[in-house]
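A closer look at the structure
Residue strings, one per chain:
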Amino acid sequence: MSTGSRLDSFVARYAERTKSMTASEIRGLFAVASRPEVVSLAGGMPNLTALPMDVVSQIVADVINENGQVALQYGSGQGDPVLREQITEIMKLEGIDSHPDDVVVTTGSQQALDLVARIFLDPGDVVLAEAPSYVGALGTFQQYQARIVHVEMDDDGLIPERLREAIAHTRAQGGKIKFLYTIPNFHNPAGVSLSLERRQEVLRIARDADILIIEDNPYGLLGFNSEPTRAMRADDPDNVVYLGSFSKTFAPGLRVGWAAAPHAVREKLVLASESSILCPSNFAQMAISRYFATQPWQDQIKSFQGLYQERRDAMLETLEQHFPATATWTKPGGGFYVWVTLPEGIDTKAMLPRAITSRVAYVPGTAFFADGFGSWSMRLSYCYPSPERIREGVRRLAGVIEEEMELRATFGSAAIPLSERPQRILPPSELI
Ligand code: PMP
């Protein structure tokens, strides 16, 4: 049997749900975007330069030396009780009063998203999500064959009136809404936060409509000039599942996050988690637990905030100086991302290869919508490159957009002939 036909026979056997497991069309481009000459404003990797690696190294060594027999053993499916207690302390910063029993430790909050989807979603169920929304969550919900209904946002986050309309419209069509997925703080990718008044309104709407809220909050402690905002779970613990993560307040490589959930939900989450991973890593949990018990972690978070604020400022200043007057962008008060909206008609996905030849990368807006919307938007992240590189990247991107606008002015909305596209700086074979 040839390799080709063997592959075909696998394809025929895959489960229905694998149909949405496709690599994004732009993944190939990102292999190129990781080259050093390209300023990547695409990735969302936390910047670990502010983390004291000597301290972390000592903590890791101490965990093994003093407690290696436990650290390297299987552990509890719900997670280490000591860490769960510490997590309740961390959540107090956002007004959440919880018990360690409410907490399920997961392998990053990404696993918590998967568990939530697994216990709630049947094929065809509806998930309400902001427009735009976190690509990793949309992908997970779609793998459980859910239908995403997007709800419009503005600079104050999700618009309550639009939420009411989306619920009414979906139900009128017979759609079964399972939950609202929301990122209230320093949104990925939109960079905005849900205002305090709207939090109350969204909670009320969800409760009245009997819709559970999934509050995904990995960036909540990364506000630049503000105390942490009161979490939605703080005001309605019976109707909100809160997802947290150590990826941005400590380090993503240990892969530790959590869900804090109403009692019945928590029990199902633990069973679902045990069937997928048996238990989260004892070693990673103990390293984090020791770090939070022995280190000035709140000061460490302040230095992360300073580092990201400096980069945010560099990006906003350069956007102001170089981007066209017809473009708009959000002004994040924390987190990693700026959401840019270009003049209608510019297709950011079509423009990406040209940006990469000009040695700058971003994520096209359509990646953050389940319905193909967002083609003239883009996400720029400022978390990882140095401020100088961010300035350079934004300048390069402004040049690419300017060219695109000139071409649009010449050719209107018709496709721009290839022969008229500007010369490539690198040969195409170098690119993909
Ligand atoms: N939710 C959001 C909104 C995110 O931006 C991310 C990471 N980019 C995650 C969840 C997953 O993070 P982790 O699994 O590292 O905790």
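Here the structure is shown first, and the text comes after it.
First, a word on what this report is: a plain description of the structure on this page. Since the model is a prediction, treat every value here as computed from it, not as a measurement. (Residues numbered from 1 in each chain as written. Predicted model: local features only at pLDDT ≥ 70, side-chain atom pairs only at ≥ 80, totals over all residues. Heavy atoms only, no water.)

Description of the sheet that holds strand 4 (residues 147–154)
Here 8 strands make up an open sheet; going across it, the order is 2-9-8-7-6-3-4-5 and the pairing mixed. What marks the edges here is a single partner per strand, and that holds for strand 2 (103–106) and strand 5 (157–158). Where strand 3 (residues 126–131) meets strand 6 (residues 177–182), 4 bridges bridge the pair, whose relative direction is parallel. Looking at strand 6, one finds that L128 is bridged to L180. Together, strand 2, strand 6, strand 7 (212–216), strand 8 (240–245) and strand 9 (257–260) form the strand contacts of helix 5 (residues 108–120), whose direction differs from that of strand 8 by roughly 155°. Contacts from helix 6 (residues 135–143) reach strand 3, strand 4 and strand 6 within the one sheet, and its direction differs from that of strand 4 by about 155°. (Pairing = 2+ DSSP bridges. Helix = DSSP H or I, 4+ residues; strand = E, 2+ residues; numbered from the N terminus. Contact = heavy atoms within 4.5 Å. Axes fitted to C-alpha atoms, helices over the stretch in contact; angles between N-to-C directions.)

A word on helix 4 (residues 81–92)
Under the 1.5 Å per step criterion, the end-to-end length of helix 4 is 17 Å for 12 residues, consistent within 8% with the ideal 16 Å. Listing the buried residues of helix 4 in full gives L83, R84, Q86, I87, T88, I90 and M91. Where helix 4 is buried, its residues meet strand 2, strand 8, strand 9, helix 11 (282–294) and helix 12 (297–322). Two or three places before V82, at the opening of helix 4, D80 has a side-chain oxygen 3.1 Å from that residue's backbone nitrogen. (Expected span 1.5 Å × (residues − 1). Buried < 20%, exposed > 50% of the residue type's maximum accessible area, 1.4 Å probe, protein only. Polar contact = N/O pair within 3.5 Å; in protein donor to acceptor, adjacent residues only side chain to side chain.)

Quick look at the environment of L72
With respect to the secondary-structure elements, L72 resides in the loop between helix 3 (53–71) and helix 4. Expressed as a C-alpha distance, the spacing of L72 and W329, which sit 257 residues apart in the sequence, is 47 Å. Setting aside residues up to four positions removed in sequence, L72 forms contacts with I64 and F283.

Quick look at a nonpolar patch on the surface
A cluster of nonpolar side chains, contributed by F10, V11 and Y14, occupies part of the molecular surface with about 330 Å² of accessible area. If you trace the backbone, V11 turns up in helix 1 (residues 3–13). Accessibility expressed as a relative area gives 54% for V11, which makes it exposed. (Patch = residues over 30% accessible without salt bridge, like charges linked within 9 Å, V, L, I, M, F, W, Y side chains within 5 Å. Areas by Shrake-Rupley, 256 points an atom, 1.4 Å probe, with all protein chains shown as cover. Salt bridge = Lys/Arg side-chain N within 4 Å of Asp/Glu carboxyl O.)

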